[in-house]
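Fold and contact review
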Amino acid sequence: MWFPLFINFENKKVLVIGGGKIAAKKIGKILEYGANVTVVTENVVEEGLLQLENVKIENNRKIENDKSEIEKLVKGYFFVIVATDNEELNQNIAEICDSNGILVNNVSSKFKMNAMFGGIVKNDEFQIAVSTGGKNCRRSRAMKSEIQKILDKIEK
Ligand SMILES: C[C@@]1(CC(=O)O)C2=NC(=C\c3[nH]c(c(CCC(=O)O)c3CC(=O)O)Cc3[nH]c(c(CC(=O)O)c3CCC(=O)O)/C=C3\N/C(=C\2)[C@@H](CCC(=O)O)[C@]3(C)CC(=O)O)/[C@H]1CCC(=O)O
Ligand SMILES: NC(=O)c1ccc[n+]([C@@H]2O[C@H](COP(=O)([O-])OP(=O)(O)OC[C@H]3O[C@@H](n4cnc5c(N)ncnc54)[C@H](O)[C@@H]3O)[C@@H](O)[C@H]2O)c1
C-alpha cells in the first residue's frame, strides 16, 4: 500500500544507478529539493548530466548483478534510484535496497520498489502530489492540469 509522505531531501545522500534519459528526468526533480546526488553509470547517455555542477558522476562503471557488490555500493545512501535499462538488474538492486532498509525507486517497474514518484503540481504555497499507485502514471497528466487550474485561481 502506497502511503503519501513528504520527505525532506535537503543534503540527503541519493545514489542514481544509470545515466540515461529517465535518470536525468528524476535527478532534475530531486535536485530542486536539495538532494546530494551521486550517479554511477556505465555510460552517460544524457549529456546534460555532465553540466550539473552539484552532481557527482562516476562514469564508465558497469554494475554487475552481484549481491555483495551491490550491497557495498548502496550502503550509506538514504535513497537509491535504479534507472538502468536492464530490468532484471534494476529489480535485484531494488530488492537488496529494500531488504537493507534503504528507500528505493525502480524506473523499470510499476511496483517493484518501496518508493515511487508522484506527479507534482506546486506554487510557492502548496504542493500536491498525484499517484495512481503504478496503475497508469500517464493519467496523472490530466489530473495535474485540473489541479493546476485550482492552484491558479485559489485566493492568495
Ligand atoms: C509521476 C511520474 C513522475 C516521473 O517519473 O516523471 C511517473 N511517471 C511519469 C511519467 C511517465 N512515465 C512513463 C511515461 C511514458 C514515456 C514514454 O511513453 O516514452 C510517462 C509520460 C511522460 O514522461 O510524460 C513511463 C513509465 N513509467 C513507469 C514505467 C515502468 C513500468 O511501467 O514498468 C514506465 C515505462 C513504461 C513502458 O515503457 O511501457 C513507472 C512509474 N512511473 C511513475 C511516475 C511511478 C508510478 C506513479 C503513478 O502510478 O502515478 C512508477 C511506477 C515508478 C517511478 O518512476 O517512480 C510522471 C507522471 C506524469 C507527470 O508528472 O507528468
Ligand atoms: N519511470 C518512468 O517514468 C519511465 C519512463 C520511460 C521509460 N522508463 C524505463 O526506464 C528505463 C531506462 O530508460 P532510459 O530511457 O533512461 O534508458 P537509457 O538507455 O537512456 O539509459 C540507461 C542507462 O543505464 C546505464 N546502464 C545500463 N546498464 C548498466 C549497468 N549494468 N551498470 C551501470 N549503468 C548501466 C546506461 O549506461 C545508461 O546510462 C527503461 O527500462 C524504460 O522502460 C521509465
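Above this note sits the structure.
Throughout this description, residue numbers start from 1 for each chain and increase along the sequence as written. Both sets of labels track the order of writing: A upward for chains, 1 upward for ligands. Reporting of local features is limited, given that this is a predicted model, to residues whose pLDDT is at least 70; pairs of side-chain atoms are given and counted only at 80 or more, and all residues count toward the totals for whole chains, interfaces and linings. To get the side-chain values, take all heavy atoms of the structure and skip hydrogens and water.

Right, let's talk about the side chain of T84 for a bit. Residue position: T84 is located in the loop between β4 (79-82) and α3 (87-99). Side-chain atoms alone can form a polar contact between residues adjacent in sequence; in general such a contact is a pair of N or O atoms within 3.5 Å, and within protein one must be able to donate a hydrogen while the other accepts it. A distance of 3.0 Å separates a polar atom in the side chain of T84 from the backbone nitrogen of N86. For T84, the residues in contact, after removing those within four places along its chain, are I17, G18, L89 and N90. By the criteria applied, helices consist of DSSP H or I runs no shorter than four residues and strands consist of E runs no shorter than two, each listed in order from the N terminus. Here a residue-residue contact requires only that any non-hydrogen atoms of the pair lie within 4.5 Å.

Okay, the sheet that holds β4 next. Read across the open sheet, the 5 strands follow the order β3-β2-β1-β4-β5; overall the sheet is parallel. Each edge of the open sheet is held by one strand with a lone partner, namely β3 (55-58) and β5 (103-106). Averaged over all pairs of adjacent strands, the angle between strand axes in this sheet comes to 20°, irrespective of strand direction. Pairing of strand β1 (residues 13-19) with strand β2 (residues 36-44), which is carried by 6 bridges, proceeds in the parallel orientation. Residue pairing in the sheet places L15 in a bridge with T38 of β2. Between the N-to-C directions of two axes lies an angle of 0 to 180 degrees, each axis being a line fitted to C-alpha atoms and, for a helix, fitted only over the stretch in contact. On top of the sheet, helix α1 (residues 21-31) reaches β1, β2, β3, β4 and β5; it is set at about 160° to β1, its chief contact. Think of it this way: DSSP has to see at least two bridges between two strands before they count as a pair.

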